[in-house]
Amino acid sequence: RCNSFLFFFNDTATTEIYTLSLHDALPIYQQIYADEIKKGEISNQDLKIRITGIRIYDGEHKERYRYNTDEEMYVEISYLSTEEVINPVFRVQILREDGLLCHGTNTTRGNFKIDRISGEGKITLHYSKIILLEGNYFINSAILKDGYSDIPYDIHGRRYRISVSSKYSDGGGIANMYTKWMVD
């Protein structure tokens with residue numbers, strides 16, 4: 001499917017308003033392609049860098065998709081770059097089954113700068129403790145052109161599922177926050 005959007009404005013002020021508002025178009029784009037994003041089908045194999053696979057494993061490097069609250073987890077992204085890519089940004093998100101974003105990070109936010117990459121490689125994100133409460137979750141991954149936009153080289157959305165069991169009855173929510181009650 002190919003959809004094109006073309007806008008022409010004769011008025012300078014109107015052009016400036018719409019230029020400033022282009023960032024607001026991303027949620028509209030995501031809504032238009034919501035079904036494809038959910039299926040993980042937005043991925044252009046002709047791009048100069050693409051995700052070739054995701055591996056989710058525990059502290060013993062055993063691939064797993066069932067975890068308990070407080071266990072550690074690794075998300076390994078394998079990639080292939082057909083040409084040198086300057087300053088790519090890798091992103092991992094955890095979404096609850098209903099689409100609620102529970103956690104998201106990227107290499108820019110994690111102060112992990114990648115100057116350039118080419119060829120095949122892997123990058124890994126380590127969660128020292130999963131603080132999610134019981135439920136089913138999706139792991140999304142992306143390679144972005146920069147850390148402050150959603151302009152992707154490649155996206156794998158809702159392809160990788162994990163389930164979390166929890167001994168905590170936290171009264172609801174998505175995370176086990178470490179708290180302590182005190183009386184003065």
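Quick caveat, the model's predicted, so the values are computed rather than measured.

(A) Quick peek at the overall build of the chain. When you go through the chain residue by residue, the secondary structure sums to three helices and eight strands. Scanning the chain from its N terminus toward the C terminus, one meets helices and strands in the order α-α-α-β-β-β-β-β-β-β-β. Looking at the chain as a whole, 35% of its 184 residues qualify as buried. Relative to all contacts within the chain whose residues are 6 or more apart in sequence, the contacts with residues 24 or more apart total 70%. Put simply, the chain shows about 12,200 Å² of open surface, and 51% of that area lies on carbon and sulfur atoms.

(B) Representation of the side chain of E76 within the structure. Structurally, E76 is set in strand β3 (residues 73-86). Overall, the relative accessible area of 9% leaves E76 in the buried class. Every residue in contact with E76, bar those within four places of it in the chain, is listed here: G53, I54, R55, Y57, K122, I123 and T124.

(C) Broad picture of the environment of N68. Tracing the sequence through the fold places N68 in strand β2 (residues 66-68). We classify N68 as partly exposed; its relative accessible area is 38%.

(D) Molecular detail of the nonpolar core. Core analysis: the largest hydrophobic core is formed by 26 residues, its most contacted members being I56, M73, F90, I139 and I162. Only β1 (49-57), β3, β4 (89-96), β6 (116-127), β7 (135-144) and β8 (152-165) provide two or more residues apiece to this core. In terms of residues, this core owes the most to one element, β3, which gives five residues. Apart from the residues within four sequence positions on either side, I56 is in contact with K62, E63, R64, Y65, Y67, M73, Y74, I139, Y160 and I162.

(E) Expanded view of a nonpolar patch on the surface. Judged by side-chain polarity, I131, M177 and Y178 come together as a nonpolar surface patch covering roughly 310 Å² of accessible area. Assignment of secondary structure puts M177 in the segment after β8.

Here is what the cut-offs are and how they apply
All chains use their own residue numbering, which begins from 1 and follows the written sequence. Predicted model: local features are reported for residues with pLDDT of at least 70 only, side-chain atom pairs are reported and counted for 80 or more only, and whole-chain, interface and lining totals are derived from all residues. Note that the side-chain values use all heavy atoms of the structure and ignore hydrogens as well as water. Counting from the N terminus, the helices are DSSP H or I runs at least four residues long and the strands are E runs at least two residues long. Three exposure classes are used, based on accessible area relative to the maximum for each residue type with a 1.4 Å probe and protein chains only: buried under 20%, partly exposed in between, and exposed over 50%. By definition in these notes, contact holds between two residues if any of their heavy atoms fall within 4.5 Å. Surface accessibility follows the Shrake-Rupley procedure with a 1.4 Å probe radius. Residue values consider only the protein chains on display as shielding. Residues enter a nonpolar core if they are buried and are Ala, Val, Leu, Ile, Met, Phe, Trp, Tyr or Cys, with the set joined through side-chain atoms within 4.5 Å. Grouping into patches uses exposed residues only, defined as over 30% relative accessible area, and leaves out salt-bridged ones; the cut-off is 9 Å for like charges and 5 Å for nonpolar side chains (Val, Leu, Ile, Met, Phe, Trp, Tyr). Salt bridge, as used here: a side-chain nitrogen of Lys or Arg that lies within 4 Å of a carboxyl oxygen of Asp or Glu.

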